[in-house]
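If you want the building blocks of each chain, they are given just below.
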2 protein chains.
Amino acid sequence: MTLRLSTADADFEDRFTAFLATKREASQEVDAAVREIIARVRAEGDRALKEYTKRFDRFDVEKAGMRVERSEIEAAYEATDAETRAALELAKERIEAHHRRQMPTDTRYKDALGVELGWRWTPISAVGLYVPGGLASYPSSVLMNAVPARVAGVERITITTPTPDGRLNPLVLVAADIAGVTEILRIGGAQAIAALAHGTETIAPVDKIVGPGNAWVSAAKRQVFGQVGIDMIAGPSEVLVVADGENDPTWIAADLLAQAEHDTAAQSILMTDDPAFAEAVAAEVERQLKQLSRAEIAGASWRDFGAIILLRSLEEAPTLIDRLAPEHLELATAQAESLLQRIRNAGAVFLGRHTPEVIGDYVGGSNHVLPTARSARFSSGLSVMDFLKRMSILRLDSGQLRALGPAAVTLARAEGLEAHGRAVSIRLNI
Amino acid sequence: MTLRLSTADADFEDRFTAFLATKREASQEVDAAVREIIARVRAEGDRALKEYTKRFDRFDVEKAGMRVERSEIEAAYEATDAETRAALELAKERIEAHHRRQMPTDTRYKDALGVELGWRWTPISAVGLYVPGGLASYPSSVLMNAVPARVAGVERITITTPTPDGRLNPLVLVAADIAGVTEILRIGGAQAIAALAHGTETIAPVDKIVGPGNAWVSAAKRQVFGQVGIDMIAGPSEVLVVADGENDPTWIAADLLAQAEHDTAAQSILMTDDPAFAEAVAAEVERQLKQLSRAEIAGASWRDFGAIILLRSLEEAPTLIDRLAPEHLELATAQAESLLQRIRNAGAVFLGRHTPEVIGDYVGGSNHVLPTARSARFSSGLSVMDFLKRMSILRLDSGQLRALGPAAVTLARAEGLEAHGRAVSIRLNI
């Protein structure tokens, strides 16, 4: 039964706190097994990849060829209808246009002393993008990860994707090609992460690995972190819809179900100040559920992790929203803009009654890779910044060194770092 | 014996590749012990903190009080000479002025369709800053971590620091106060990280933990990552000095030793096109070593991990620099600016003959928390960005939804996500 909370209830604070602490994923203990896979790929390279792929994906990757061929990509285009291809191209263009605006600028300035300071942004050279197989093999996610990397100027973008029984999702190939991906490798799992991080005879190592994956892939990303950069570790998706009673309950129910159909561990929350509206939405969720092909997944998610939170007033929303720190936040109210100004923690905000979160999944232009599991408290969605790094720049002349140097010598001595002090004093003859 | 490489040697590529792969730290297997500490702090709160502090730091934190009192901070000011205090204040002002320039701006715009897109930056609410005890208890690092957090607008900055036998470093207290730190807790180790991440009866949890630490602290940060954000995992420090023969060998030797005195695992590398200059620097390192109080540490670092790389021409430098991706890079050459333009991977660059890296450690204004162990390939030094997160914003009206919606429906169907498609189509009556 879907949870109902009301801020008018005496036990609201306790129940809301317990709700915040709900874990939606059982943690899988795969660390030791993943450690062994990484060690074997490091030691044996392609031979280990071949064996693991035989075992887990049931085909001979040596025979199939590690790299997807141009002819396979052409065949994938042939297998894609014109409408889908056009939609992928529209999405790519919109994502590209939006992410171009995120490009930071280099800075160089002189302070009052004349000391030059600044920074310079440069792209990461080579990035690996993990694309899951099976249910979660989404061409839209290929665009959302690869396009910002291209915009940032990453030279080599390597996709790895599991191909169970050797079968590839043609839409992933088409999306990768549209996004300008450099190469696509027919391997998946922890072994693919190990190959991207450490390289093998046929795979050059990358500098950073992004993209979602199962427990094995996530554990492998954690273990290779440091050797390469990684993006966030994504959890199951979630939406919080804040809606007043003026909304059409069928629309809001559809938004809740769009999130719920992702995964039984997904989470959809409705927050409203209108009890009758809340009941109308709840009834509509049940009605629409009956029509869905993924009714079992969506129903389990709504029943186990969904929630309806009744407010006495929408004025109560911002504090609760910040504590939930939702990945996706719909503000389907007349006061969306003023609410937005009072919110700190959310991955992406969808304003007004005509911005269903699903638009952001595909064609809005903003990124759909967003912080889950309350991590919007401290992190942001994917952007071009994830594919750039900043070099800081400092330049003094002898006069400026004379002005600032003595303070550096003082601090070096206070920290017991004599050689630090000498690197300055030797230049000043002090 | 310090390594010598020359690009003129036939085996240079092999030897340089091996040099790049050198591990400077033995990895300590503390994961299981750290997991137990975190579990106990979660289960028992303050009681566990008290026990661990008794065991590891040999004092009663309950009796001493978890929080450092204002009177202790006042006493620390008393114990600090005026020159050191003035140097800390100068450093704080310069760090603050520089980091203010890093503040990103919010954006909101309409695209050709009239769709509104944008983003809004907000500070992280509460940040924990770990300050190591013992040798690595540096007041300068307190400033480098806390000042950017304050500039970003973080409301609560909590320092945790081990106080072996109950003893605090007064300069850490003074630096924390100057930087505007909110509270200072007298606990350290993995137990302090656990307390910051999960909270106890007396400690409110934070959203992100930054700052360097030993193997236990680093392992704890990795384990709580996800529950809270963390900064990079810092390794031993390193400098690469690129110098032509026009430099004073005594200056360059002093720069190499300033890095080497940090830690036996620190690394100092000289790259030059002048063999006679290289020998003069090597001789000078040996001479200056004799005068250093930390000669043993600096000598071991230079002998075990230092290197002199001879180039046929400085034109060879950029490619090798990018492969080394040094934390600190000094360009002590006449062509520093043109070299800089050709470099992609470095944490911080110090230009010209009068910018010893040590200035950047203390009073340059730029941050001294920088990516180590070749991670400048994919990450940047600490900045205000580490204390902010970005909310993305999207707003469509009904006409724009009509324009973009059909493509979203097409992609949702192509991905088998029927409820995604319905969230749009129900609004369009399609």
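Since we're looking at a predicted model, the values are computed, not measured.

(A) Broad picture of the overall build of chain A. Looking only at helices and strands, chain A features 18 helices and 14 strands. For chain A, restricting intrachain contacts to residue pairs at least 6 apart in sequence, the fraction spanning at least 24 positions comes to 74%. Where the 48 positive side-chain charges of chain A centre and where its 59 negative ones centre are 8 Å apart.

(B) The interface of chain B and chain A, seen in detail. Listed by partner, the interface residues are 121 residues for chain B and 122 residues for chain A. At the boundary of chain B with chain A, total buried surface from both sides reaches about 10,800 Å², with 55% on carbon and sulfur atoms. Summed over the three residues of chain B that lose the most area to chain A, namely Arg344, Phe378 and Arg427 of chain B, the buried surface amounts to 8% of that side. Here chain B is connected to chain A by twelve salt bridges. Notably, a salt bridge pairs arginine 108 of chain A with glutamate 337 of chain B, separated by 2.4 Å at the nearest N-O pair. Here chain B and chain A share 73 residue pairs in polar contact (both at pLDDT 80 or more) between them. Grouping the amino acids of the side of chain B that touches chain A by side-chain chemistry returns 57 nonpolar, 35 polar and 29 charged. The sheet contact formed by strand β13 (residues 348–351) of chain A and strand β14 (residues 388–395) of chain B spans four bridges and is parallel. Each residue of the ladder has a partner; that of leucine 351 of chain A, found in β14 of chain B, is arginine 395 of chain B.

(C) Layout of the packing of helix α11 (residues 249–260) of chain B against helix α13 (residues 295–305) of chain B. Residue and element names in this part refer to chain B. Contact pair α11 / α13: the axes reach a minimum separation of 8 Å and the direction vectors enclose 105°. As judged from the angle between their axes, α11 and α13 are roughly perpendicular. Note on element contacts: α13 touches α11 through Ile297, Ala298, Ser301 and Trp302, opposite Leu256, Leu257 and Ala260. The residue inventory of the contact of α11 with α13, partitioned by class, reads six nonpolar, one polar and no charged.

(D) Here's a closer look at the sheet that holds β13 of chain A. Strand order in the open sheet formed by nine strands is β1(A)-β11(A)-β10(A)-β9(A)-β12(A)-β13(A)-β14(B)-β3(B)-β2(B), and the pairing between neighbours is mixed. Among the strands making up the open sheet, the edge pair consists of β1 (3–6) of chain A together with β2 (107–110) of chain B. Neighbouring strand axes in the sheet, compared pairwise and without regard to direction, differ in orientation by 15° on average. Running over the sheet, helix α11 (residues 249–260) of chain A touches β9 (238–243), β10 (267–272) and β12 (328–332) of chain A and is turned about 170° from β9 of chain A. Each of β10 and β11 (307–310) of chain A is contacted by helix α13 (residues 295–305) of chain A, which is oriented at about 55° to β10 of chain A, the strand it contacts most.

(E) Examining the sheet that holds strand β1 (residues 3–6) of chain B more closely. With respect to topology, nine strands assemble into an open sheet ordered β2(A)-β3(A)-β14(A)-β13(B)-β12(B)-β9(B)-β10(B)-β11(B)-β1(B), the strand pairing being mixed. A strand with exactly one partner marks an edge of an open sheet, and here the two such strands are β2 (107–110) of chain A together with β1 of chain B. Within the sheet, the average angular offset between the axes of one strand and its neighbour, ignoring direction, is 15°. Contacts from helix α1 (residues 12–20) of chain B reach β1, β10 (267–272) and β11 (307–310) of chain B, with the element oriented near 140° to β1 of chain B. Along the sheet, helix α12 (residues 275–289) of chain B contacts β1, β9 (238–243), β10 and β11 of chain B; its crossing angle with β10 of chain B, the most-contacted strand, is approximately 155°.

(F) Spotlight on the UniProt feature "binding site: Zn(2+)" (unreviewed entry) in chain A. All names here are of chain A. According to UniProt, the feature "binding site: Zn(2+)" (unreviewed entry) maps to Gln259, His262, Asp361 and His420 in the numbering used here. In summary, the annotated positions, distributed over 162 residues, remain apart in three dimensions as well, the widest C-alpha pair reaching 55.8 Å. Along the polypeptide, glutamine 259 turns up in helix α11. Every residue in contact with glutamine 259, bar those within four places of it in the chain, is listed here: Ser237, Glu238, Val239, Ala266, Gln267, Ser268, Glu327, His328 and Glu357. A polar contact is formed between the side chain of glutamine 259 and the side chain of serine 237, at a distance of 2.4 Å. Within the secondary structure layout, histidine 420 lies in helix α18 (residues 418–428). By relative accessible area, histidine 420 is classed as buried at 1%.

(G) Summary view of the environment of valine 147 of chain A. Residue and element names in this part refer to chain A. In this fold, valine 147 is placed in helix α7 (residues 139–152). Among the residues examined, valine 147 registers a relative accessible area of 1% and is labelled buried. Along the chain, valine 147 and lysine 92 lie 55 residues apart, while their C-alpha atoms are 7.1 Å from each other. Dropping the residues within four chain positions of it, valine 147 is found in contact with Lys92, Ile95, Glu96, Val142 and Ala179.

(H) Representation of the domain arrangement of chain A within the structure. Its domain assignment divides chain A into domain 1 (31–106 + 121–230), domain 2 (235–377) and domain 3 (396–428). Using only C-alpha atoms to locate each centre, domain 1 of chain A and domain 3 of chain A end up separated by 48 Å.

(I) Just the packing of aromatic side chains, in detail. Following the criterion strictly, the structure yields six aromatic pairs over all chains and no others. Taken together, a centroid distance of 6.0 Å and an interplanar angle of 5° make the contact between tyrosine 52 of chain A and phenylalanine 56 of chain A stacked. Of the two residues, tyrosine 52 of chain A and phenylalanine 56 of chain A both sit in helix α3 (residues 46–57), four residues apart, roughly one turn of that helix. Judged by centre distance (5.4 Å) and plane angle (20°), the ring pair of phenylalanine 12 of chain B and phenylalanine 16 of chain B falls under stacked.

(J) Here's a closer look at the side chain of serine 301 of chain A. For serine 301 of chain A, the location among the structural elements is in helix α13. The residues contacting serine 301 of chain A, other than those within four sequence positions of it, are Ala260, Asp263, Thr264, Ala266, Gln267 and Gly306 of chain A.

(K) Broad picture of the relation of the copies chain B and chain A. It takes a turn of 180° to lay chain B on chain A, together with a shift of 0.0 Å along the axis; the resulting RMSD is 0.0 Å. What the rotation and shift describe, once combined, is the action of a two-fold rotation axis. Within chain B, arginine 222 of chain B has its C-alpha nearest the rotation axis, a separation of 4.1 Å. In this assembly the copies share their binding face: 100% of the residues contributing to the interface of chain B also contribute to that of chain A.

(L) Structural context of helix α9 (residues 189–198) of chain B. Residues and elements named next belong to chain B. Judged by how many residues are buried, α9 sits mostly within the fold: nine of ten residues are covered. The inward-facing, buried residues of α9 abut α2 (31–44), α3 (46–57), β4 (126–130), β5 (156–160), β7 (208–210) and α10 (215–224). At the exit of α9 stands glycine 199, carrying a positive phi of roughly 80°.

(M) Summary view of the environment of alanine 87 of chain A. Summarising the element assignment, alanine 87 of chain A is placed in helix α6 (residues 82–100). With relative accessibility at 3%, the residue alanine 87 of chain A sits in the buried group. Each C-alpha atom of the pair alanine 87 of chain A and tyrosine 138 of chain A lies 14 Å from the other, and the pair is 51 residues apart in sequence. Dropping the residues within four chain positions of it, alanine 87 of chain A is found in contact with Ala407, Thr410 and Leu411 of chain B.

(N) How the structure looks around the pattern of salt bridges. Residues and elements named next belong to chain A. Applying the stated criterion to the full structure yields 62 salt bridges over all chains. Here glutamate 89 ties to arginine 85 by a salt bridge, and the two come within 3.3 Å at their closest N and O atoms. Remark: arginine 85 and glutamate 89 occur in helix α6; sequence separation between them is four residues, near one turn of the helix. Under the relative-accessibility criterion, arginine 85 is labelled partly exposed at 35%. Across the salt bridge formed by glutamate 116 and arginine 108, the nearest N and O atoms sit 3.2 Å from each other. Overall, arginine 108 belongs to the partly exposed group, its relative accessible area being 33%.

Conventions we followed
- Residues numbered from 1 in each chain as written.
- Chains lettered and ligands numbered in written order.
- Predicted model: local features only at pLDDT ≥ 70, side-chain atom pairs only at ≥ 80, totals over all residues.
- Heavy atoms only, no water.
- Helix = DSSP H or I, 4+ residues; strand = E, 2+ residues; numbered from the N terminus.
- Contact = heavy atoms within 4.5 Å.
- Lys, Arg positive; Asp, Glu negative; His and termini not counted.
- Charge placed at Lys NZ, Arg CZ, Asp CG, Glu CD.
- Buried area = accessible area lost by both parts, 1.4 Å probe.
- Salt bridge = Lys/Arg side-chain N within 4 Å of Asp/Glu carboxyl O.
- Polar contact = N/O pair within 3.5 Å; in protein donor to acceptor, adjacent residues only side chain to side chain.
- Nonpolar A, V, L, I, M, F, W, Y, C, P; charged D, E, K, R; others polar.
- Pairing = 2+ DSSP bridges.
- Axes fitted to C-alpha atoms, helices over the stretch in contact; angles between N-to-C directions.
- Parallel < 35°, antiparallel > 145°, perpendicular 65-115°, else oblique.
- UniProt positions renumbered as here; feature names shortened; annotations may be inferred.
- Buried < 20%, exposed > 50% of the residue type's maximum accessible area, 1.4 Å probe, protein only.
- Domains from an automatic or database assignment.
- Phe/Tyr/Trp six-rings, centres within 6.5 Å; stacked < 30°, edge-to-face > 60°.
- Least-squares fit on C-alpha atoms with pLDDT ≥ 70 in both.

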